Amino acid sequence: MDNKSKRKLNRLLLWIAVVVILIAVLAPFLWLVISSISHKVDLTSVPLHFFPKNPTFENYLKIFFGGRGVTDAASQFGQCTINSLIVAFFVTLISMVAGSLAAYGLTRLDFRGKGFIGTSIILPQILPPIALIIPLFLIINGFGMVDTRLSLILTYISFILPLVIRLMMGHFASIPSSIEEAARIDGCTRIGALMRIVLPLSAPGIAATSIFAFIIAWNEFFFALIFASTQSSKTLSVLVEEFSSKFGSDFISMSTAGVLASLPPVILALIFQKFIIQGLTAGSVKG
């Protein structure tokens, strides 16, 4: 086999691998969308119909506007969406501000214990959540914050902030320190160099890290299930689970809520796709 044939074969195998991966990634979400516009008879018929004969958007209308036959879980969708947005927004904002400052200090400053601090930051992510749930619950209960959005914000920050710090350290390390030193020679303070030089050059990394932090906070389920039990603080990830009960599972309503709950992260990822790709490659090599 000559080189030209080998290249064609390699390209064919590459495309086959891409198609297989796309099917594996998109098939569950596609089935979720199909289920959300189906009738119950479409999902229980034999043989199974992969696309409903009479698609309907009645399930979306019920979740948004209510109406006859709306379950208690569906009626809470609007408030739970607001809760998820508030929690995810403030977790991302606080983690990015604090994480960027901490990452800058660990990357640019020299002080005793720097290596130990940089390594120990990642320890909260090594421990399984089940090992932390009881101590966290006792602390939050002691401050009277159980079943509040604040409890979720503080809990999420405890494990998202270390991830933000580690990611931002990689992005800051990829920026040559000589650029920052030149700005300081011209009279710029260290904070000024951070705000005017380092952060603008790290914009793709900041965007990518922010998206990751938001998605993690948006999708988190375990801690939200324990700390949020009423409509005032419950998030969408917990609400979707409540479509299943001891009386059975409302698969259609669950699929509808799942599609709607997945839209914000998907939209953000599509809008900032360019920055995400740049951010992933920018922090991979130290400049």
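Below, the structure is looked at part by part.

What counts and what doesn't
- Residues numbered from 1 in each chain as written.
- Predicted model: local features only at pLDDT ≥ 70, side-chain atom pairs only at ≥ 80, totals over all residues.
- Heavy atoms only, no water.
- Helix = DSSP H or I, 4+ residues; strand = E, 2+ residues; numbered from the N terminus.
- Buried < 20%, exposed > 50% of the residue type's maximum accessible area, 1.4 Å probe, protein only.
- Contact = heavy atoms within 4.5 Å.
- Areas by Shrake-Rupley, 256 points an atom, 1.4 Å probe, with all protein chains shown as cover.
- Phe/Tyr/Trp six-rings, centres within 6.5 Å; stacked < 30°, edge-to-face > 60°.
- Axes fitted to C-alpha atoms, helices over the stretch in contact; angles between N-to-C directions.
- Parallel < 35°, antiparallel > 145°, perpendicular 65-115°, else oblique.
- 1 Å grid on protein atoms, 1.4 Å probe; cavity = no way out; pocket = protein on both sides within 12 Å on 5 of 7 lines; lining within 4 Å.
- Points joined across faces, edges and corners; volume = space filled by probe spheres on them.
- Nonpolar A, V, L, I, M, F, W, Y, C, P; charged D, E, K, R; others polar.
- Patch = residues over 30% accessible without salt bridge, like charges linked within 9 Å, V, L, I, M, F, W, Y side chains within 5 Å.
- Salt bridge = Lys/Arg side-chain N within 4 Å of Asp/Glu carboxyl O.

**Re the overall build of the protein chain**
Consideration 1: When its secondary structure is counted, the protein chain shows 16 helices and two strands.
Consideration 2: Counting every position in the protein chain, which comprises 287 residues, the buried fraction comes to 37%.
Consideration 3: Partitioning the intrachain contacts of the protein chain with sequence separation of at least 6 by distance along the chain shows that 72% fall at a separation of at least 24.
Consideration 4: Of the roughly 16,900 Å² that the protein chain leaves accessible, carbon and sulfur atoms contribute 71%.

**Observations regarding the packing of aromatic side chains**
Consideration 1: A complete count under the given rule lists nine aromatic pairs for this structure.
Consideration 2: Here the aromatic rings of phenylalanine 159 and phenylalanine 223 are separated by 5.7 Å at their centres, their planes lie at 25°, and the arrangement is stacked. Taken together, the residues span a long stretch of sequence, with phenylalanine 159 in helix 9 (residues 149-173) and phenylalanine 223 in helix 13 (residues 222-227) at a distance of 64 residues. Pair check on accessibility: phenylalanine 159 and phenylalanine 223 agree, each one buried.
Consideration 3: With 6.2 Å between their ring centres and 20° between their planes, phenylalanine 223 and phenylalanine 227 make a pair best called stacked. Here phenylalanine 223 and its partner phenylalanine 227 are both found in helix 13, four residues apart, which amounts to about one turn of the helix. Grouping residues by exposure puts phenylalanine 223 and phenylalanine 227 together as buried.
Consideration 4: An aromatic cluster is defined as three or more aromatic residues linked by ring pairs; in this entry it consists of Phe137, Tyr156, Phe159, Phe222, Phe223 and Phe227.

**A few points about the packing of helix 11 (residues 190-201) against helix 12 (residues 203-219)**
Consideration 1: As a packed pair, helix 11 and helix 12 sit with axes 4 Å apart at the nearest point and diverge in direction by 65°. If you check the angle between helix 11 and helix 12, you find them roughly perpendicular. Between helix 11 and helix 12, the residues in contact are Leu199, Pro200 and Leu201 and Ala203, Pro204 and Ile206, respectively.

**A look at the layout of surface pockets**
To find the voids left in a structure, one rolls a probe of water-molecule size over its atoms.
Consideration 1: As a volume, the largest pocket reaches approximately 280 Å³.
Consideration 2: Taken together, 14 residues make up the lining of the largest pocket; nearest its centre are Asn219, Gly258, Ala261, Ser262 and Pro265.
Consideration 3: Taken together, the elements giving at least two residues each to the lining of the largest pocket come down to helix 1 (3-36), helix 12, helix 14 (236-241) and helix 15 (251-271).
Consideration 4: The element best represented in the lining of the largest pocket is helix 15, accounting for five residues.
Consideration 5: A breakdown of the residues in the lining of the largest pocket according to their chemical character gives 10 nonpolar, four polar and no charged.

**Points about a nonpolar patch on the surface**
Consideration 1: Side chains of Ile130, Ile134, Phe137, Leu138, Phe221, Phe222, Leu225 and Ile226 sit close together on the surface and give an oily, nonpolar patch of about 710 Å² of accessible area.
Consideration 2: Among the secondary structure elements, those contributing two or more residues to the nonpolar patch are helix 8 (129-142) and helix 13.
Consideration 3: Among the elements that line the nonpolar patch, the one with the most residues is helix 8, at four residues.
Consideration 4: Assignment of secondary structure puts isoleucine 130 in helix 8.
Consideration 5: On the basis of relative accessibility, which here comes to 58%, the residue isoleucine 130 falls in the exposed class.

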